[in-house]
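Listed below are the residues making up each chain.
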Amino acid sequence: MLTLRYPLVLASGSPRRKQLMTDAGFSFTIETRPTDELFPITMPVDEVAEYLARQKAEQFLIDTSDKQTPPKIVLCADTVVILGNQILNKPQDEAEARQMLRALSGNTHRVRTGVAILAPDSNGQPQLYSFTDETVVKFSPLTDDEIAYYIQTCKPFDKAGSYGAQDFVGLVGIERLDGSFYTVMGLPTHRVYQALKAYAE
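Note that the coordinates shown come from a computational prediction; the quantities given were computed from them, not determined experimentally.

(A) Structural view of the pattern of salt bridges. If you walk through the whole model with that rule in mind, you get 14 salt bridges. We note a salt bridge from Arg110 to Glu134, for which the minimum N-O separation is 2.8 Å. Separated by 24 residues along the polypeptide, Arg110 in strand S5 (residues 108-120) and Glu134 in strand S6 (residues 126-139) bring together distant segments of the chain.

(B) Quick look at the nonpolar core. By size, the foremost hydrophobic cluster in this structure holds 21 residues, and its most contacted members are Leu8, Met21, Ile117 and Leu196. Counting only elements with at least two residues in this core, the list comes to strand S1 (8-10), helix H1 (15-23), strand S3 (73-83), S5 and helix H8 (189-196). Val81, Leu88, Leu101 and Val111 belong to the second largest nonpolar core, which has 20 residues in total.

(C) Inspection of the pairing of S3 at higher detail. Of all eleven residues in S3, eleven are buried, a share of seventy percent or more. Side chains of S3 alternate between two faces, with Ile73, Leu75, Ala77, Thr79, Val81 and Leu83 and Val74, Cys76, Asp78, Val80 and Ile82 buried alike. Hairpin remark: S3 followed by strand S4 (residues 86-88), antiparallel, with two residues in the connecting loop; positive phi at Gly84, about 65 degrees.

(D) Representation of H1 in the model. The set of residues buried in H1 consists of Arg16, Arg17, Leu20 and Met21. Burial along H1 is one-sided: seen end-on, the buried residues are contained in an arc of 130 degrees. Of the surrounding secondary structure, the elements contacted by the buried residues of H1 are S1, S3, helix H7 (181-185) and H8. One side-chain oxygen at the N-terminal end of H1 lies 3.2 Å from the backbone nitrogen of Arg16; it belongs to Ser14. Downstream of H1 by one or two residues, Gly25 has phi in the positive range, about 90 degrees.

(E) A look at the packing of aromatic side chains. In this structure the tally under the stated criterion is five aromatic pairs. Measuring from centroid to centroid gives 5.8 Å for Tyr129 and Phe131, while their planes differ by 45 degrees, and the two rings are tilted. Tyr129 gets classed as partly exposed once you look at its relative accessible area, which sits at 39%. Phe131 sits in the buried class, given a relative accessible area of 5%. Centre to centre, the rings of Phe181 and Tyr182 are 5.6 Å apart; their planes meet at 85 degrees, and the pair counts as edge-to-face. Residue classification places Tyr182 among the partly exposed residues on the basis of a relative accessible area of 38%. Between Arg33 and the ring centre of Phe60, over which it is positioned, the NZ or CZ distance is 4.2 Å.

(F) Seen up close, unusual backbone geometry. In this structure, Lys155 is a non-glycine residue whose phi angle is positive, near 45 degrees. Relative to the elements of secondary structure, Lys155 occurs in the loop between helix H5 (144-154) and helix H6 (168-173). Positive phi, close to 70 degrees, is recorded for Ser162, a residue that is not glycine. Tracing the sequence through the fold places Ser162 in the loop between H5 and H6.

(G) Quick look at the packing of helix H4 (residues 94-104) against H5. Between H4 and H5, the least distance of the axes is 10 Å, while the angle of their chain directions is 135 degrees. The orientation of H4 with respect to H5, classified from their angle, is oblique. When you trace H4 past H5, the crossing you get is right-handed. Contacts between H4 and H5 involve Glu94, Ala97, Arg98, Leu101 and Arg102 from the first element and Asp144, Ile147, Tyr150, Ile151 and Gln152 from the second. Classifying every residue of the contact of H4 with H5 by side-chain character gives five nonpolar, one polar and four charged.

(H) How the structure looks around the side chain of Ser162. The class for Ser162 is buried, based on a relative accessible area of 0%. Ignoring any residue separated from it by four or fewer positions in sequence, one finds Ser162 in contact with Asn89, Pro91, Glu96, Ala97, Met100, Leu101, Tyr150 and Pro156.

What counts and what doesn't
Residue positions are given per chain, counting from 1 as you read along its sequence in written order. Residue-level local features of this predicted model are given only where pLDDT is at least 70; pairs of side-chain atoms are given and counted only at 80 or more, and the full residue set underlies all totals for whole chains, interfaces and linings. Only hydrogens and water are removed before side-chain values are computed, so all heavy atoms of the structure are retained for them. Between Lys or Arg on one side and Asp or Glu on the other, a salt bridge is scored when a side-chain nitrogen of the former is within 4 Å of a carboxyl oxygen of the latter. Secondary structure elements follow DSSP: runs of H or I no shorter than four residues count as helices, runs of E no shorter than two count as strands, and numbering proceeds from the N terminus. We define the nonpolar core as a collection of buried residues of types Ala, Val, Leu, Ile, Met, Phe, Trp, Tyr and Cys that are connected through side-chain atoms lying within 4.5 Å of one another. Each residue's exposure class comes from its accessible area (1.4 Å probe, protein chains only) as a fraction of the maximum for that residue type: buried when under 20%, exposed when over 50%, partly exposed otherwise. For two strands to be treated as a pair, DSSP must find at least two bridges joining them. Here the arc refers to the directions that run from the helix axis out to each C-beta atom. Contact criterion: two residues are considered in contact whenever any of their non-hydrogen atoms come within 4.5 Å of each other. In the analysis that follows, any N or O atom pair within 3.5 Å is treated as a polar contact, provided that within protein one partner can donate a hydrogen and the other can accept it, and provided that, for residues neighboring in sequence, both atoms belong to side chains. Paired rings are identified among Phe, Tyr and Trp, the last through its six-membered ring, by centres lying within 6.5 Å, and are further divided according to the angle between planes into stacked (under 30 degrees), edge-to-face (over 60) and tilted (the rest). The rule for a charge over a ring is simple: NZ of Lys or CZ of Arg within 6 Å of the ring centre, and within 35 degrees of the ring normal. Think of each axis as a best-fit line through the C-alpha atoms, taken over the contacting stretch in the case of a helix, with angles from 0 to 180 degrees between the N-to-C directions. Working definition: roughly parallel below 35 degrees, roughly antiparallel above 145 degrees, roughly perpendicular at 65 to 115 degrees, and oblique for all remaining angles. The handedness criterion is simple: a crossing whose near helix is rotated anticlockwise from the far helix by less than a right angle is left-handed, and one whose near helix is rotated clockwise is right-handed. When residues are sorted by character, Ala, Val, Leu, Ile, Met, Phe, Trp, Tyr, Cys and Pro go into the nonpolar class, Asp, Glu, Lys and Arg into the charged class, and all the rest, Gly among them, into the polar class.

If you want it as structure tokens, here you go:
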């Protein structure tokens, strides 16, 4: 377990990221700030997750540059599901979730999670560090009944690509992973842990 020099803030409302950070032994508080999850239409899809994570972290820049505010470490993340050259966002409704899952069924897609860490440097100035981790996921074919059951029971409307790797569809549908399972869940904990070592006491 790492003991950090500054308090750690997880800037995410995701229960999966909260659980992963807790299981990894971190003590932290949660604080989220409204961020438009928009990106330039011409941006390559491989850059989107890290760009959005940095956008989230920049919402805290005023705090970390304010001399009156105690220093802290802010951890942000964003996950995108990419099929071909198309990003599958969070579904708006059941019909869109069904469409996405049918597209993923029997195919290989990529999950990229961008991470941004905002923390004081050696001079006490805010420094933003970011990276992206990718996992390639192969899905077995899913039947319409399996897809319908998953949507009805798990309501995956807060999940990129309409699925969670830890849910029913992941349990019965993920045939193979090339990369970290936790990156698919929304946080590459192995890389986050190594990155936060730089701020350990």
